[in-house]
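Residues per chain are reported as follows:
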Amino acid sequence: MLRAAASRCARGAVRRLSSSAAAEASPVAVGSRRNPLVDEGDWSYYREWWGEEDGPGEGAQTVFRRHSECGNGVVSVSAYPASRPASEHWPATERWLQERNARLYPESASSDQFKVLGYQWRVMRFNDHTRQSTAKVMTCYRTSGQRSLFLMQQPHVLAVPYVKSMVSAGLTALPCSSYDLPLAASGQNTMKILCIGHGGGTLPLFLASKFRGATIHIVEIDPVVVSASIESMGFPVSSVKGLSSESMLPADADDLLWGGIHDRIFLHIADAEDFIANDSNEYDIVFIDAYDGDDVFPRKLWDVDGAFMKNLEKKVHPIHGAVVVNLHSDSELPASEAEGNADFQSILPMGRHVSQVCRAYKQHFGLAFTAAVPWLCNITLVACRDKGMTSGACLGLSHRDFVLGKLLSRSDMVERALDLPFPCLPYIKNGFTMVH
């Protein structure tokens, strides 16, 4: 079943996004019931940050470039102009910054002035071709102080569809197991989230901005990736633990821009297997998006008998806990065709192991399903506790139909509770498959 779901991807398509899929993309192709312009991360804007298949392309500005010692090759960040928000909306952001500054420094409120310089897409790449992460960043200027340039990632913008798929499927699974998601969003209940793999930090910033009650831990093995996210993608530096680097941004940047959101984010530079073994937290939901420069998902993160999986099972809430994994769903060539095919090794190594990964997570958590990501050769895997998800099952309804129906019935509530700029339902329905 997973092979069938993956077969929609052409043999040469890759996770770094398929140009043919992008060219045919429509902002309403997945049945969006909202104005696509409301969502600044809508797929219709991909042309602004796409670049070329083999690199950033003409017009891109390289703002970060450094060699990784952790298997990611050359880590780079390219900048592209963003068309939104339009310049007529910038004064409202300047007033917002002015108000924030006045609360921090009431004595200098009249002398400090802010000017938005513009918005850019920032794209992190491994080895120049694999697009690892895309974020929208605002640059602004304060008239006083020696260090007066500020860089802020826009946490409400999720530009890449697989991240929206992970958010939609993963967060909707929580209320299906009786977790009160609206209370966590409003801050009335606490919530613990773990993100394994950091990239530019778009997912944890999005989650922290949407859940006032959430504490978010991030694990990233590569300090170069962390440096890239801070120096060129507007991630708050004070959230990072164990990184010794000089930030060129003002010392008060995080307090001014993030208003306490950064105090609930903890970014650890560590190996995921070691972190899980020594972590004492119990998480409501875990997001995993951890690939190296060769687009390989480390085997130890899905080895059914390995220490990571065994410890992860213990660290996820026993009733409503869920794990969400980004996987490559590229077509798997028959062994006879793969032999001697020089192109086979360039077709994302992870594609051959998707079924094994899914079964491993199902074995540890009890229930698992996948959803195909619109436009991209990725799938979202969600593993959760089967007793919570299947409670209230009806006779005469197939297991698949019951689980899907339960998810769809909760999707609208998730959208409203989090005030999402995109609908969850089409991301959940697309290629929905139970893992057997």
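The preceding data block contains the structure.
Numbers given to residues run from 1 along each chain, matching the order in which its sequence is written. In view of the model being predicted, local features appear only for residues whose pLDDT reaches at least 70, and side-chain atom pairs are presented and counted only at 80 or more, with totals across whole chains, interfaces and linings using the full set of residues. Water and hydrogen atoms were dropped before computing side-chain values, which therefore reflect all heavy atoms in the structure.

Asker: Quick question: what am I supposed to make of the overall build of the protein here?
Answerer: The number of helices and strands found in the protein is 15 helices and 14 strands. In this scheme, a residue with accessible area under 20% of its type's maximum is buried, one over 50% is exposed, and one in between is partly exposed, where area comes from a 1.4 Å probe on protein chains only. Every one of the 436 residues in the protein was classed for burial, and the buried ones make up 58%. Surface accessibility of the protein: about 17,500 Å² in total, with carbon and sulfur atoms responsible for 50%. Runs of H or I in DSSP of at least four residues are treated as helices and runs of E of at least two as strands, each being numbered from the N terminus. In these tables, accessible area is a Shrake-Rupley quantity obtained with a 1.4 Å probe, and a residue counts as shielded only by the protein chains included in the view.

Asker: How should I be thinking about the environment of A60 in this particular structure?
Answerer: Assignment of secondary structure puts A60 in the loop between α2 (19-23) and β1 (61-67). Each C-alpha atom, one on A60 and one on V123, is 9.8 Å from the other, the two residues being 63 residues apart in sequence. Setting aside anything within four residues of it in sequence, one finds A60 in contact with S78, A79 and Y80. Two residues qualify as a contact provided that any one of their heavy atoms is within 4.5 Å of a heavy atom in the partner residue.

Asker: Would you explain the sheet that holds strand β11 (residues 322-328) in this entry?
Answerer: Across a sheet, strands are paired by hydrogen bonds formed along the backbone, either parallel or antiparallel in direction. Ordered in space as β8-β9-β7-β6-β10-β11-β13-β12-β14, the nine strands form an open sheet in which the pairing is mixed. Of all the strands in the sheet, the pair left with one neighbour each is β8 (240-241) and β14 (433-434). For strand β6 (residues 191-196) and strand β7 (residues 214-220), the ladder comprises six bridges, and the chain directions are parallel. Residue pairing in the sheet places I193 in a bridge with I216 of β7. Most of the contacts of helix α4 (residues 161-176) go to strand β13 (residues 378-385), to which it runs at about 15°, and overall it touches β6, β10 (285-288), β11, β12 (366-372) and β13. Along the sheet face, helix α14 (residues 399-418) touches β12 and β14 and points at about 70° away from the line of β12. Strand pairing is defined by DSSP finding a minimum of two bridges between the two strands. Working convention: axes come from line fits to C-alpha atoms, limited for helices to the stretch in contact. Angles between N-to-C directions cover 0 to 180 degrees.

Asker: Would you mind going over the sheet that holds strand β5 (residues 149-153) with me for this structure?
Answerer: Across the sheet, which stays open at both edges, the five strands sit in the order β1-β2-β3-β4-β5 with antiparallel pairing between neighbours. With one partner strand each, in any of the chains shown, β1 and β5 form the two edges of the open sheet. Strand-to-strand twist across the sheet, computed as the mean angle between neighbouring axes with direction ignored, equals 25°. As defined by bridge partners, strand β2 (residues 74-81) adjoins strand β3 (residues 114-126) across seven bridges and the pair is classed as antiparallel. For A79, the partnering residue across the bridge sits in β3 and is R122.

Asker: Could you clarify how one ought to interpret the nonpolar core in this entry?
Answerer: One broad rule of soluble globular proteins: the nonpolar side chains tend to lie buried together. Ranked by internal contacts, the top residues of the largest apolar core, which has 85 residues, are L171, I193, L207, F211, F287 and F369. Considering each element in turn, this core owes the most residues, nine residues, to α4. Those domain boundaries reflect an automatic or database domain assignment. Here this core gathers at least three residues from each of two domains, domain 1 (38-153) and domain 2 (161-221 + 270-335 + 342-434). Here L207 is in contact with L171, I193, C195, I216 and F287, once residues within four sequence places are set aside. Within the second largest apolar cluster, 32 residues are counted, among which are V219, I288, A290 and A368. Put simply, a nonpolar core is a bunch of buried Ala, Val, Leu, Ile, Met, Phe, Trp, Tyr and Cys residues held in one set by side-chain atoms that sit within 4.5 Å of each other.

Asker: Quick question: what am I supposed to make of the pattern of salt bridges here?
Answerer: Side chains that differ in sign of charge can pair as their charged atoms come close. One side-chain nitrogen of Lys or Arg within 4 Å of one carboxyl oxygen of Asp or Glu is enough to make a salt bridge. The final tally for this structure, using the stated rule, is nine salt bridges. Here D271 makes a salt bridge to K300, at a shortest N to O gap of 2.6 Å. Here the residue D271 occupies a position in the loop between β9 (265-269) and α9 (272-278), and K300 occupies one in the loop between β10 and α10 (307-315), the gap between them amounting to 29 residues. The exposure class assigned to D271 is buried, which follows from its relative accessible area of 15%. In this structure, D412 engages R416 in a salt bridge whose closest nitrogen and oxygen atoms are separated by 2.1 Å. Residue D412 and its partner R416 are both found in helix α14; the two are separated by four residues, about one turn of the helix. Under the relative-accessibility criterion, D412 is labelled partly exposed at 32%. What makes R416 exposed here is its relative accessible area of 57%. Within the structure, one salt-bridge network assembled from shared partners comprises D271, E273 and K300.

Asker: Help me understand the packing of aromatic side chains in this model?
Answerer: The description of an aromatic ring pair rests on the distance of the ring centres and on the angle between the ring planes. A pair of Phe, Tyr and Trp rings is counted when the ring centres sit within 6.5 Å of each other, with Trp represented by its six-membered ring. The angle between the planes then sorts it: under 30 degrees is stacked, over 60 is edge-to-face, the rest tilted. A complete count under the given rule lists 13 aromatic pairs for this structure. Considering the side-chain rings of W43 and W49, the 5.9 Å spacing of their centres and the 65° angle between planes classify their relative orientation as edge-to-face. Note on Y291 and F297: the rings are 5.4 Å apart at their centroids and 35° apart in plane angle, and the pair reads as tilted. Each member of the pair Y291 and F297 is classed as buried. Feature note: the residues W43, Y46, W49, W50 and W375 constitute an aromatic cluster, connected by ring pairs. Cation placement over rings: the criterion is NZ of Lys or CZ of Arg within 6 Å of the ring centroid and within 35° of the ring normal. Across from the ring centre of W50, 4.1 Å away, lies the NZ or CZ of R131, which sits over that ring.

Asker: Can you walk me through the environment of V226 in this structure?
Answerer: Within the secondary structure, V226 sits in helix α7 (residues 223-232). Residue V226 is classed as buried on the basis of its relative accessible area, which comes to 0%. Counting along the chain gives 11 residues from V226 to V237, while the straight-line C-alpha distance between them is 9.2 Å. Setting aside chain neighbours within four positions, we find V226 in contact with H198, E220, V240, L243, L267 and I269.

Asker: Even after reading the chapter, I still don't get a nonpolar patch on the surface, so can you show me in this structure?
Answerer: Note that patches include only residues with greater than 30% relative accessible area and no salt bridge, and the join distances are 9 Å for like charges and 5 Å for nonpolar side chains (Val, Leu, Ile, Met, Phe, Trp, Tyr). Nonpolar side chains collect at one region of the surface, where L117, Y141 and L149 lie side by side and expose about 280 Å² of accessible area between them. By the element assignment, L149 lies in strand β5.

Asker: Looking at this structure, I do not really get the side chain of K315. What am I missing?
Answerer: Examined against the element boundaries, K315 turns out to sit in helix α10. Here the positive residues are Lys and Arg and the negative ones are Asp and Glu; neither His nor the chain ends is included. No salt bridge is formed by the buried K315; its nearest oppositely charged neighbour, D279, is found at 5.7 Å. Sequence-distant contacts of K315, defined by excluding residues within four places in its chain, comprise I276, A277, D279, N281, E282 and Y283.

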